[in-house]
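Observations on the model geometry
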Amino acid sequence: MKKGIKLVSTITNLEYSFDRIEEFADNGESLEVRIDGLENAGIKAGKNLWERFSDFLPFSDIDESVSLGEGNTALIKADKKLLDFVGLDNLYIKNETQNPTWSFKDRGSFACIAMAKEMGENVSATISTGNMGSSISAYGAKAGIKIIVFVPEFTPKEKVMSMGIHGATVMKIIAPDYSDMKKQILSLAKKMNLRIVSGNGPFRVEGYKLTSFEMYEQMNGGIPDYIAIPTSACGHIRGIFKGYNELFIAGIISKIPKMIIVQAMNNSPIVSAIKEGKKHVVPFSNFHTVAEAITTGNPMGGDEIIHKAYKYGWLAESVTEDEIIESQKLLAESGYFVEPASATPLYAIKKLRESGKIEKTATVVTILTGSGLKDMTVLRYHKFNVTLVNVNDVEKALSNVK
Ligand SMILES: *Cc1c(COP(=O)(O)O)cnc(C)c1O
């Protein structure tokens, strides 16, 4: 850890020790890394993104061998079909499915494992609906750190298998409610002195900042007006905002993009709170949504995100199950096969545009958070043009297609 770095609770500003095994403050608030002297931070020369932006990162020295080559994902302007669908002139797609385990979680796992190495930890655990477990399993394998993953029963088998192949110990937990299961496992871990890497942990969030730095470079210093993010544990949105906010503090950029918080209507603890003008998370339980990557019903640290939404004028929108499936289909028809959670922002942006909350000329980035290949069960909601044809009947079949 570099000098001048603190670990602080996000609302009450209490300082905590880096040796702390739990990733949240005693009262459940998120913890965040604060770096002294950001006013003087600058961008340096360097091969890797984390070298160029090292002034903004807490690690004293990143061991390059921890990296699996995460990041460097494409930022592409959406095609006309998608622009017409959302009703915008400038929609950009940040394709995080190009990461080593096919989701943005890799950026955070890189930071968590770099940190675990620095702290000399040799075992790490996580509670995950899938991508986080796959990602940390891969990074643990590379770094020689033992990984334990607790998954809820509803986790798609593609995700469970992709944790297993990296050698992680995977426990499918039978429990009536995912949020309660998380609480139970967290308190057990505390008793057993086991670090549970959380989707909203302070070091993971430092890794997610790299997305902002990367987009800053990809847009040649330009700043989007909005960034739409499917939100569950809230780590991703916190990281992307933090990255831009720190560039702002350093005087490198003169405005901060507004975040768009997107959730499934069936589980919208943050979006519902904001729509109802509340200050606290509205907990959801016993729900079902096809967007299984965004199923945190009562996110720890969620109040801080609600607070930031009011303070910085962020937008919030939720989408129905049908809207999610339609968005997944539309993205696929434009060439992007993403999982349902990653499709939610497309429809949310359309609704926000229709209600006039976003101007037609605004520059909006939607983040494709994870690949569609890791959740094949959901494909039963789609129609496919796949037929079985006898070799002698191909000519007839083709003339029907033409
Ligand atoms: C984890 C995840 C999210 C939600 O990110 P949080 O940091 O938990 O808010 C969204 N989409 C996908 C595909 C994910 O794996």
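Look up: the structure comes first, before these words.
Attention here is on the structure that accompanies the text. (Residues numbered from 1 in each chain as written. Predicted model: local features only at pLDDT ≥ 70, side-chain atom pairs only at ≥ 80, totals over all residues. Heavy atoms only, no water.)

On to the packing of aromatic side chains. Evaluation of the coordinates by the stated rule reveals 10 aromatic pairs. Here the aromatic rings of W50 and F110 are separated by 4.8 Å at their centres, their planes lie at 40°, and the arrangement is tilted. Here W50 is found in helix α1 (residues 49-52), whereas its partner F110 is found in helix α3 (residues 105-118), with 60 residues between them in sequence. We note that W50, like F110, is buried. Seen in terms of ring centroids, F56 and F213 are 5.4 Å apart; in terms of plane orientation they differ by 50°. Their pairing is tilted. Of this pair, F56 sits in the loop between α1 and β4 (75-77) while F213 is found in helix α7 (residues 202-218), placing the two residues 157 residues apart along the sequence. Note on accessibility: F56 and F213 belong to one class, buried. An aromatic cluster of three or more residues is present, and its members are F53, F56 and F213. One cation-aromatic arrangement involves K350 over F85; the distance from NZ or CZ to the ring centre is 4.4 Å. (Phe/Tyr/Trp six-rings, centres within 6.5 Å; stacked < 30°, edge-to-face > 60°. Helix = DSSP H or I, 4+ residues; strand = E, 2+ residues; numbered from the N terminus. Buried < 20%, exposed > 50% of the residue type's maximum accessible area, 1.4 Å probe, protein only. Lys NZ or Arg CZ within 6 Å of the ring centre and 35° of its normal.)

Neighbouring the ligand are 18 residues; K105, N131, S232, A233 and T369 lie closest to it. In the environment of the ligand, an oxygen atom lies 2.9 Å from a nitrogen or oxygen atom belonging to the backbone of C234. When the free accessible area of the ligand is taken as 390 Å², the share hidden by the protein chains comes to 96%. Counting only elements with at least two residues in the shell around the ligand, the list comes to α8 (235-249) and α12 (340-354). (Near = heavy atom within 4 Å. Polar contact = N/O pair within 3.5 Å; in protein donor to acceptor, adjacent residues only side chain to side chain. Areas by Shrake-Rupley, 256 points an atom, 1.4 Å probe, with all protein chains shown as cover.)

What follows deals with the environment of G243. Topologically, G243 is positioned in helix α8. With relative accessibility at 0%, the residue G243 sits in the buried group. Sequence separation between G243 and S212 is 31 residues; the distance between their C-alpha atoms is 5.4 Å. Setting aside residues no more than four positions away along its own chain, G243 makes contact with K209, S212 and F213. (Contact = heavy atoms within 4.5 Å.)

Quick look at the side chain of T73 now. In this fold, T73 is placed in the loop between α1 and β4. Within the local environment of T73, its side chain forms a polar contact with the side chain of R107, the two groups lying 3.4 Å apart. Filtering out sequence-adjacent residues up to four positions away, T73 remains in contact with K94, N95, E96, Q98, N99, R107, E214 and Q218.

Here the focus is the environment of C112. Turning to its location among the elements, C112 is positioned in helix α3. The buried category is assigned to C112, whose relative accessible area is 8%. Taking C-alpha positions, C112 is 34 Å from K329, a pair spaced 217 residues apart along the chain. Residue contacts for C112: discarding those within four places in its chain leaves I136, V197 and R204.

On to the nonpolar core, then. Residues I227 and I261 are the most contacted members of the largest nonpolar core, which totals 71 residues. With six residues, α3 is the single largest residue contributor to this core. Setting aside anything within four residues of it in sequence, one finds I261 in contact with I229, T231, I237, I270, V271, I274, I305, A309, W314, L315, A316 and E317. F85, V319, A343 and L379 belong to the second largest nonpolar core, which has 37 residues in total. (Core = buried A, V, L, I, M, F, W, Y, C linked by side-chain atoms within 4.5 Å.)

With that settled, consider the sheet that holds strand β2 (residues 15-16). Read from one edge of the open sheet, three strands run β2-β1-β3, paired in antiparallel fashion. Edge positions in the sheet fall to β2 and β3 (31-35), since each of these pairs with one other strand and no more. With five bridges joining them, strand β1 (residues 5-9) and β3 adopt antiparallel strand pairing. Bridging across to β3, L7 finds its partner in V33. Sheet strands touched by α7: β1 and β3. Its angle to β3, the strand with the most contacts, is close to 60°. (Pairing = 2+ DSSP bridges. Axes fitted to C-alpha atoms, helices over the stretch in contact; angles between N-to-C directions.)

Right, let's talk about the pairing of strand β11 (residues 258-264) for a bit. Within β11, six of the seven residues are buried, which leaves the element mostly enclosed by the surrounding structure. Summarising the sheet, strand β10 (residues 226-230) and β11 pair through five bridges and their orientation is parallel. In the strand pairing of β11, I229 is matched with I261. Running through α8, the crossover from β10 to the neighbouring parallel element β11 is right-handed. As judged from the five bridges shared by β11 and strand β12 (residues 315-319), these two strands associate in the parallel manner. (Right-handed = clockwise from strand over helix to strand, strands pointing away.)

Once that is clear, we can look at unusual backbone geometry. Note: most peptide bonds trans; most residues except glycine with negative phi. A positive phi is found at N72, a non-glycine position, where the angle reads about 55°. Inspection of the secondary structure puts N72 in the loop between α1 and β4. In the Ramachandran plot, N286 falls in the positive-phi region, its phi being about 50° despite a non-glycine side chain. With respect to the helices and strands, N286 occurs in the loop between α9 (269-275) and α10 (302-312).

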